[in-house]
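Remarks on the overall topology
In case you want the letters, here they are:
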Amino acid sequence: RSKDQGGGVHYGYEPSLHARAEERRVMELALRKALERGEFHLNYQPVVRATDGVIEGFEALLRWTNKDLGPVSPAKFIPIAEDTRLIGAIGEWVLRTACHQAMLWPDHVRIAVNVSAEQLFQPTFVGSVVSALSHSGLPPSRLELEVTESVFINDFGVCTATLEQLLALGVSLSLDDFGTGYSSLGYLRKTQFSTIKIDRSFVQGAARQAPESLAIIRAVVALADALGMSTTAEGAETEAEVAMICELGCKKIQGFYFGRPMPGDDATELFAQHLPGDETQILREAG
Ligand code: C2E
Ligand code: MG
Ligand code: MG
Ligand code: MG
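Calculation rules
Here, residues in each chain are numbered from 1, in the same order as that chain's written sequence. Labels follow written order: the first chain is A, the first ligand is 1, and so on. Thresholds applied to this predicted model are a pLDDT of at least 70 for local features of residues and 80 or more for the giving and counting of side-chain atom pairs; totals over whole chains, interfaces and linings are not thresholded and use all residues. Excluding hydrogens and water, the side-chain values take into account all heavy atoms of the structure. Helix and strand definitions here come from DSSP, where helices need a minimum of 4 consecutive H or I residues and strands a minimum of 2 consecutive E residues; each element is numbered from the N-terminal end. Any pair of N or O atoms that falls within 3.5 Å is considered a polar contact. Within protein, one atom must be able to donate a hydrogen and the other to accept it, and sequence-neighbouring residues count only if both atoms are side-chain atoms. We call two residues in contact when some of their heavy atoms are within 4.5 Å. The donor set comprises N, O and S atoms within 2.8 Å of the metal, extended to 3.2 Å for Na, K and Ca; water molecules are omitted, so apparent gaps in a site may simply reflect that omission. The rule is simple: take the accessible area with a 1.4 Å probe, protein chains only, and divide by the maximum for that residue type; under 20% is buried, over 50% is exposed, in between is partly exposed. Two strands make a pair as long as DSSP finds a minimum of two bridges between them.

- Taking an unreviewed UniProt entry as the reference, the protein chain is identified by name as EAL domain-containing protein belonging to Flavisphingopyxis soli.

Structure (structure tokens):
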């Protein structure tokens, strides 16, 4: 495949492959220093009750800004953090920071934290959840851990055992990006998820009246209902998407329509005007 082979043939994709490998190498080096340099922060995106827009919780979303690379998308750096196992230490920082932040919000507001398969399989993971809870004082019932179907692909036994330990702590689990993975549904019998999060691609499809997306969302909502789980529709941006999601019976909505991921202080500010017990709503004008 090298251009030395076959008398100087130059393949068109070679420079871009090389550029990508180089970009990755530079990113990995920077990522190794990012924690100690304080280059991470979390943004928080509201998750609202579908019927009335009341804020049920926030999802913590990791952000990385490096002085040379600028802001780097999680879609780019999370896979590198996973491959290099840096995700372990980074994930612990995310847990601690998110739990502390949630302590500044009213008691009923929950915080969701994403957990990679790579993290879940580290033997120290359950301990790091215990420590994040005890250091912050956050009740376990307010912490929700989001995993994707991919965690079940490798070692089903280890994975379900770890998830059981987490449930025993009193934290809840949600199944992220549902419908985009390759795993079977068998694990839904084994693990009690509180919420199934329906991937944005289905939400967009449903709003376009795509029959497959409509059928899939209906089936997932029915499945979740039957299993005693809730549903969150991810990535609702338009009024049409929100209307369709409500019609299909999803319980919760998370998307730009109700709020973009925002700094912790802005999230705290949303509650500032409200008395305890008074529920904070995100209402949007029609049109
Ligand atoms: P995710 O967990 O499925 O998070 C939802 C993603 O959808 C976020 O992207 C969010 O900004 C985006 N989103 C929410 N509403 C809308 C919408 O209405 N329209 C559109 N176009 N996008 C919307 P983000 O923040 O770029 O994160 C991407 C992924 O990176 C996350 O997907 C999650 O898998 C991963 N990630 C983020 N933070 C962490 C973390 O702390 N730990 C781990 N392990 N993974 C993380
Ligand atoms: Mg998530
Ligand atoms: Mg998701
Ligand atoms: Mg996603």
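That shown, we press on.
**Things to note about the side chain of Glu-59**
- Relative to the helices and strands, Glu-59 is located in strand S2 (residues 55-66).
- Engagement of the side chain of Glu-59 in a polar contact is seen with the side chain of Asn-114, the distance being 2.7 Å.
- Side chain to side chain, Glu-59 and Gln-254 meet in a polar contact 2.7 Å long.
- Those residues within four positions of Glu-59 in sequence are excluded, and the remaining contacts are Asn-43, Tyr-44, Gln-45, Val-47, Ala-112, Asn-114, Glu-146, Asp-176, Lys-197 and Gln-254.

**Here we look at the coordination of the magnesium ion (ligand 3)**
- Those donors, Asp-176 (OD), Asp-177 (OD), Glu-234 (OE) and Glu-234 (OE), are the protein atoms that reach the magnesium ion (ligand 3), and they lie 2.0 to 2.6 Å from it.
- Between consecutive donor residues of the magnesium ion (ligand 3), the sequence gaps follow D-D-x56-E.
- If you look at the magnesium ion (ligand 3) and the magnesium ion (ligand 2), they sit 4.0 Å from each other and are both ligated by Asp-176. In this pair, Asp-176 sits in strand S6 (residues 172-178) while Glu-234 sits in strand S8 (residues 230-234), placing the two residues 58 residues apart along the sequence.

**Some details on the pairing of S8**
- Across the five residues of S8, five count as buried, placing the element largely inside the fold.
- Here S8 shows two buried faces, one formed by Ser-230, Thr-232 and Glu-234 and the other by Thr-231 and Ala-233.
- Pairing between strand S7 (residues 195-198) and S8: four bridges, direction parallel. Bridged to Ile-196 within S8 is Thr-231.

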